[in-house]
Amino acid sequence: MREHQDGRCIIFRGWMSLALALGCCWLQVTPAQAQDQTPETESQVEFFQPALGTSPKPGVTRVMITGKAPAGTQALVSGNEVVYFTSSNVLNKLSLKQALISKRRVTVDDKGLFEFILDLPNEKVQVTLKFKTPQNAIETYQLNLQVTPQAVQVQDQADLKPSPLYTKRFGAWFGTGFNFLSYKQASGDIGSDLEFQTFKGPSLFALGWWNVNENLDANASAKVSPGEVRASDAIQIAAGNYNWLIFALEGTYFPKMWHNTLFSEYPTRWGVRFGIQHHIVPFISRTGASTTEAEIVTNSLSMFTIGIQSTTRISDRWSFEWFMRYQSPLATGSTFDIRPDFAFDGSLGVVYSWRGPWRIGGYWYGQWHDYSFTHQDRYLVNTNATETRITGRQSLFFSNAELRLGYEFN
């Protein structure tokens, strides 16, 4: 009997041990157990995309390392040497005294910003920085930089924000180029079907730009695009030269959540572009002398615009931008009234950061207007016709290529 009871006790203890072991395993993976763990302290230091400068020394590139930390934090470039690797992965060292242009130790200002300026070799460079906050917390960072005369890349940090210390607040741009216009105008009331194409220059462009804050830009622009209509068998043109004028006041809002990295490499901002445009557009109108004599007159057209804009930083020197907008007419002049069917414009541009504040850009701009119109025909007025207003349809496809020079400053 005793032996039998001992056997049952041994079996019972075995089952209890197995149950305890399984219970312990289950406890190790439950969410409740994970919540009891102490979370890691978040870093109080944020780095911005390094900016490029110009060094008088040969074979090196001036690099501005900037970032954000609690005001009053002590920031220090650590060590007495800068370590770098050549293209053949040979380890070299450069004296910190030779490389450092700014002070070695700085205090983060009231805005929470700090900056170190170094002349670095065009290689893979390691820079170590230490930070001591007012609460005596110490953080150490090693920045692995790929330095070239055209760009500075931080390893595994392609999505760094531009530095507010080097973000320009104002800009003035001027440009010139050539434009192409495909024009169609038809009216069944007078049996006219006119079509022409013109390629002419130089076009002129001017823009003033203001970076209101990190998320909002504003600009005012003016564009003058010349063109010419020549006589044909169907119509005689008394005055065929014209200028299509465009004036605009616009803003672009860049939500923070719309910042991302294109192809896991190129920082990109997306924004909503909106504003008011005022156009002075060409229109073919009969002079009143005969059914085949006409001239180019102009009519004003005010529009509300809204669309999408994107800016991608390809490198520290190059960037790419584009936008596309819907245009909605608000008011027209006295030459004709319109009922819009479709109107939009868009642009592509590549910008090179040249020397200091100077920028050079190549741009393509295009727009397409398609609408029905009502116009008081002067020939019908002169012949005392019962009905002098005619209806028709007008389509304009406009394309412009320009070279622009910009100056951006604070």
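Residues numbered from 1 in each chain as written. Predicted model: local features only at pLDDT ≥ 70, side-chain atom pairs only at ≥ 80, totals over all residues. Heavy atoms only, no water.

1. As for the overall build of the protein
Stated formally: Labels follow the DSSP assignment, with helices taken as runs of H or I lasting at least four residues and strands as runs of E lasting at least two, numbered in each case from the N terminus. For every residue, the accessible area (1.4 Å probe, protein chains only) is compared with the maximum for its type, and the residue is labelled buried under 20%, exposed over 50%, or partly exposed between those bounds. When checking whether two residues touch, look at their non-hydrogen atoms; a contact exists if any pair is within 4.5 Å.
The secondary structure content of the protein amounts to four helices and 23 strands. Looking at the 410 residues of the protein, the share that counts as buried comes to 41%. Within the protein, counting contacts between residues at least 6 apart in sequence, those at least 24 apart form 65% of the total.

2. Points about the side chain of Gln49
Where we set the bar: Side-chain atoms alone can form a polar contact between residues adjacent in sequence; in general such a contact is a pair of N or O atoms within 3.5 Å, and within protein one must be able to donate a hydrogen while the other accepts it.
Relative to the helices and strands, Gln49 resides in the loop between strand S1 (46–47) and strand S2 (51–52). Since its relative accessible area comes to 5%, Gln49 is described here as buried. A polar contact of 2.7 Å, which involves the side chain of Gln49, links it to the backbone oxygen of Val152.

3. Topic: the confidence of the model for the protein
Short version of the rule: Predictor confidence is given residue by residue as pLDDT, running from a minimum of 0 to a maximum of 100.
Summarising the model, the protein shows a mean pLDDT of 87, and 90% of its residues fall at 70 or more. Considering only residues more than four positions removed or in separate chains, one finds that residues 1–40, a stretch of pLDDT under 50, has two contacts.

4. Some details on the nonpolar core
The tendency in soluble globular proteins is for nonpolar side chains to be buried as a group. Spelled out, the test is: Only buried Ala, Val, Leu, Ile, Met, Phe, Trp, Tyr and Cys residues count toward a nonpolar core, and they belong to the same one when joined by side-chain atoms within 4.5 Å.
Counting residues in each nonpolar core, the largest one holds 31 residues, and the members touching the most others are Phe47, Ile65, Phe114, Leu120, Leu129 and Leu145. Elements supplying a minimum of two residues to this core: strand S3 (60–68), strand S4 (74–77), strand S5 (81–85), helix H3 (96–99), strand S8 (113–121), strand S9 (124–132), strand S10 (138–147) and strand S11 (152–154). Not counting residues within four places of it along the chain, the set of residues in contact with Ile65 comprises Phe47, Phe114, Glu115, Phe116, Leu118, Val127, Leu129, Leu143 and Leu145. Core analysis: the next-biggest nonpolar cluster, separate from the first, contains 27 residues, Phe196, Tyr242, Trp244 and Val297 among them.

5. Quick word on the pairing of strand S21 (residues 336–353)
Working note: regular strand, side chains alternate between the two faces of the sheet. Condition: What makes two strands pair is DSSP finding at least two bridges between them.
One ladder, built from nine bridges, connects strand S20 (residues 318–332) with S21; its direction is antiparallel. Looking at the pairing, Tyr326 lines up with Phe344 of S21. Once S20 ends, the chain turns through three residues before running back antiparallel as S21. Sheet topology places S21 next to strand S22 (residues 358–376); 17 bridges connect them, and they run antiparallel. Across the sheet, residue Ala343 finds its bridge partner in S22, namely His369. Between S21 and S22, which pair antiparallel one after the other, the connecting turn spans four residues, and Gly356 there sits at a positive phi close to 55°.

6. Some words on the pairing of strand S16 (residues 241–253)
As paired strands, strand S14 (residues 216–228) and S16 are joined by 13 bridges and run antiparallel to one another. Following the sheet pairing, Asp217 is matched in S16 by Thr252. Looking at chain direction, S16 and strand S18 (residues 266–286) are connected through nine bridges and run antiparallel. When the sheet's bridge partners are listed, Leu245 is paired in S18 with Ile280.

7. Points about the packing of aromatic side chains
For the record, the criterion: Centre distance within 6.5 Å is the pairing criterion for rings of Phe, Tyr and Trp, where only the six-membered ring of Trp is used; planes under 30 degrees apart are then read as stacked, over 60 as edge-to-face, and the remainder as tilted. Cation placement over rings: the criterion is NZ of Lys or CZ of Arg within 6 Å of the ring centroid and within 35° of the ring normal.
In this structure the tally under the stated criterion is 21 aromatic pairs. Between the aromatic rings of Tyr183 and Phe196, the centroid separation amounts to 4.8 Å while the plane-to-plane angle is 20°, which identifies the pairing as stacked. Linking Tyr183 in strand S12 (residues 170–187) with Phe196 in strand S13 (residues 192–213), this pair joins segments that are 13 residues apart in sequence. Centroid distance Phe342 to Trp368: 5.5 Å. Interplanar angle 70°. Geometry classified as edge-to-face. Separated by 26 residues along the polypeptide, Phe342 in strand S21 and Trp368 in strand S22 bring together distant segments of the chain. An aromatic cluster of three or more residues is present, and its members are Phe47, Phe114, Phe116, Phe131 and Tyr141. The ring centre of Phe205 lies 3.7 Å from the NZ or CZ of Arg404, which sits over that ring. Over the aromatic face of Tyr363 sits the side chain of Arg404, whose NZ or CZ is 4.1 Å from the ring centroid.

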